[in-house]
Structure formats: structure tokens, C-alpha cells
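Next come the chains, spelled out residue by residue.
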Amino acid sequence: MNNINYRQAFYTLSAPSIRQCPADSGAEVAFAGRSNAGKSSAINTLTNNSKLARTSKTPGRTQLINFFELSEQQRLVDLPGYGFAKVPLKMKQEWERNLTEYLHDRQCLKGMVLMMDCRHPMQELDVMMLNWAIEAERPVHILLTKSDKLKKGPAQSTLLAVRKHLKDAEVDDLVTAQLFSSLKKQGVETLMQVLNGWLAVDIEASDNEEMEPQKK
Ligand code: GDP
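Because the structure is predicted, anything quoted here is derived from the model rather than measured.

J.: Would you take a moment to explain unusual backbone geometry for this structure?
T.: Phi at E137 takes a positive value of approximately 60 degrees, unusual for a residue other than glycine. Residue placement: E137 occurs in the loop between α4 (124-135) and β6 (140-145). The phi torsion at K185 lies on the positive side, around 55 degrees, for a residue other than glycine. Position of K185 relative to the elements: it lies in the loop between β7 (175-179) and α6 (188-211). Given a relative accessible area of 53%, K185 falls into the exposed group.

J.: Help me understand the site of the ligand in this model?
T.: The environment of the ligand is made up of 15 residues, and the closest members are N36, S40, S41, K57 and D148. Note that an oxygen atom of the ligand is positioned 3.1 Å from one of the backbone N or O atoms of L183. By residue number, the principal contributor to the shell around the ligand is helix α1 (residues 39-47), which donates 3 residues. A class-by-class count of the residues in the shell around the ligand yields 2 nonpolar, 7 polar and 6 charged.

J.: Explain the packing of aromatic side chains to me, please; I cannot follow it from the model alone.
T.: Within a pair of aromatic rings, the relevant descriptors are the distance that separates the centres and the angle that separates the planes. Per the stated rule, a full pass over the model turns up 3 aromatic pairs. When the centroid spacing of 5.8 Å and the interplanar angle of 45 degrees are considered together, the rings of Y82 and W95 count as tilted. Residue Y82 is found in the loop between β4 (74-78) and α3 (89-105), and its partner W95 is found in helix α3; the two are separated by 13 residues along the sequence. Linked through ring pairs, Y82, W95 and W132 together constitute an aromatic cluster.

J.: What should I look at first to understand the sheet that holds strand β3 (residues 65-71) in this one?
T.: Pairing between the strands of a sheet comes from backbone hydrogen bonds, and it takes one of two forms, parallel or antiparallel. A sheet is described by the order of its strands in space; here 7 strands give the open sequence β1-β3-β4-β2-β5-β6-β7, paired in mixed fashion. The open sheet is flanked by β1 (10-15) and β7, the only strands paired with a single partner. Across the sheet, the mean angle from the axis of one strand to that of its neighbour is 25 degrees, orientation sign disregarded. In this structure, strand β2 (residues 27-33) lies alongside β4, joined through 5 bridges in parallel fashion. Its bridge partner being in β4, V29 is matched across the sheet by L76. Across the face of the sheet, α1 comes into contact with β2, β4, β5 (109-117) and β6 while running at roughly 140 degrees to β2.

J.: Sorry, what's going on with the pattern of salt bridges here?
T.: Once the charged atoms of two side chains with opposite charge are near each other, the side chains can pair. What the rule picks out here adds up to 8 salt bridges. The salt bridge partner of R75 is E28, with a shortest N-O separation of 2.7 Å. Note that R75 is positioned in strand β4 and E28 in strand β2, a separation of 47 residues in sequence. E28 matches R75 in its accessibility class, with the two residues each being buried. When the shortest N-O distance is used, the salt bridge between K146 and D117 registers 3.7 Å. Placement of K146 in the loop between β6 and α5 (152-168) and of D117 in strand β5 is noted, with a sequence separation of 29 residues between them. The partly exposed category is assigned to K146, whose relative accessible area is 22%. The network of salt bridges with common partners includes E28, R75 and R106.

J.: Even after reading the chapter, I still don't get the side chain of D117, so can you show me in this structure?
T.: The exposure class of D117 is buried, given its relative accessible area of 7%. A polar contact is formed between the side chain of D117 and the side chain of R119, at a distance of 2.7 Å. Sequence-distant contacts of D117, that is, excluding residues within four places in its chain, are made with A37, T145 and K146.

J.: Is there a simple way to think about the packing of α3 against α4 in this case?
T.: A pair of packed helices can be characterised by two numbers: the angle between their axes and the separation between those axes. For the pair α3 and α4, the least separation of the axes is 9 Å and the interaxial angle reads 35 degrees. The element α3 and its partner α4 pack so that their crossing is right-handed. Within the contact between the two elements, α3 uses W95, E96, L99, T100, L103 and H104 and α4 uses M129, W132, A133 and E135. Taken together, the residues that form the contact of α3 with α4 break down as 6 nonpolar, 2 polar and 2 charged.

The rules behind the values
- Residues numbered from 1 in each chain as written.
- Predicted model: local features only at pLDDT ≥ 70, side-chain atom pairs only at ≥ 80, totals over all residues.
- Heavy atoms only, no water.
- Helix = DSSP H or I, 4+ residues; strand = E, 2+ residues; numbered from the N terminus.
- Buried < 20%, exposed > 50% of the residue type's maximum accessible area, 1.4 Å probe, protein only.
- Near = heavy atom within 4 Å.
- Polar contact = N/O pair within 3.5 Å; in protein donor to acceptor, adjacent residues only side chain to side chain.
- Nonpolar A, V, L, I, M, F, W, Y, C, P; charged D, E, K, R; others polar.
- Phe/Tyr/Trp six-rings, centres within 6.5 Å; stacked < 30°, edge-to-face > 60°.
- Pairing = 2+ DSSP bridges.
- Axes fitted to C-alpha atoms, helices over the stretch in contact; angles between N-to-C directions.
- Contact = heavy atoms within 4.5 Å.
- Salt bridge = Lys/Arg side-chain N within 4 Å of Asp/Glu carboxyl O.
- Left-handed = near helix turned anticlockwise from the far one by under 90°.

Written out as C-alpha cells, the structure reads:
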């Protein structure tokens, strides 16, 4: 499996809907979470680049799908944070439509990293997001963020409870979870391994496709 250098990620563009996204080829991984769950910090930690996180927080870009390129065929995608109390209903519905469309139609989407504050995971909107991804048959990797805020025991219990929830819901083949702390740089390697798998498998697959033209 090829290791990817996440430090080389750079911002390319922001799209209001799937129609304005880059060409649907190669492999990409989306990052989602409630606002304040630690999504920007996680992307920042992964790529070791605080500028990327700032890019997505630029006013006017918070409701957009922000694209970061790792290579021509590999992208990280920062989805708009959800859970703002003050967002008008119309905007929420618009966001929901764009998001479900992106999850369903985007062929190159290989998985979603879903961030939840480890002190209160699996809130209503998180479960909704998770279910949309599952319905779209996208693998999800849950980051239980800010794990430094809990002592080791409670952090571990939270992880086990989330995993049990996934097993009980019979989605543990599609959904995995880990603890993560941007502050302590905890869990970065594990996250990278998941991403390497999602982003690299497809590169091999597309190489094969090139070698073996489709039979009609
Ligand atoms: P976003 O809205 O999901 O992009 O969240 P941010 O990355 O901006 O983080 C929200 C708040 O949580 C900020 O005040 C961060 O400093 C804080 N935060 C993010 N990650 C961590 C972490 O790993 N540990 C701690 N203690 N705080 C964090």
C-alpha cells in the first residue's frame, strides 16, 4: 500500500454543490462533523498545515465543499460543519440536499471521516449524517475528537460504547471508530492508515482499469 504524504495537501477550490466539484475521478475522502467538533484542527493535524484549516473557515466558505489536493487523483474534502442553531431553515434544507447528493452521486468518494467530540458523541445530527453515509454505502471512520479532554478510562469506555452501538446497529463492517486528539497528536497514525487504504486502493484499481480496457 502506498503511503501518502498528507503534508503536501493544498487548497484547490470551493464548490456550492456537486455540479461545481472537480471532475469525478480518482479517489477522495470527505471530512464531516458538527461545527466545533474539531474538524479543522483534525485536518490541520493530519496535513501539518494550519493554512488549510483557515481556508475552510474563511467567511463565505463555511457553507461550501472545500477541496484539498494531495495529488492529481487524490483529494481531501472538507464538508460544511453542521449543527449551527442560527442557520435559517431554507439554508439547512439546501445544505441537506447538496450533501445527500454529494454522498450518493460522487463516484470517487471512498469514505467519510466523521468527527464527534468524545464528550458527547452520536448526537442526533451525527446519527443522521452517519445514516446518510451508510445509505449511500460509503465507509465511515469516526474520530472521537478532543480525547485529551477525558481521562484514559472514560475515553476508552466512550470508544467501546460507540463501537458497541455500531455493532448493535449491524454497521460495524462499514463504520469504524477511534479516539483522536489534535492537541496531543493522538491517533494520527491510525487515521493515516485508514486514509491510505481508502485513497490508495482506488489508485491501484484505476491503474488496472487502464491496463485492462473494459470488454463490451
Ligand atoms: P471545527 O468547527 O469542527 O472545525 O472545530 P475546530 O477545529 O475549529 O475546533 C473547535 C474548538 O475545539 C477550538 O477551540 C479548538 O481549539 C478546540 N479543539 C480542537 N481539537 C482539539 C483537541 O484535540 N483537544 C482540545 N483540547 N481542543 C481541541
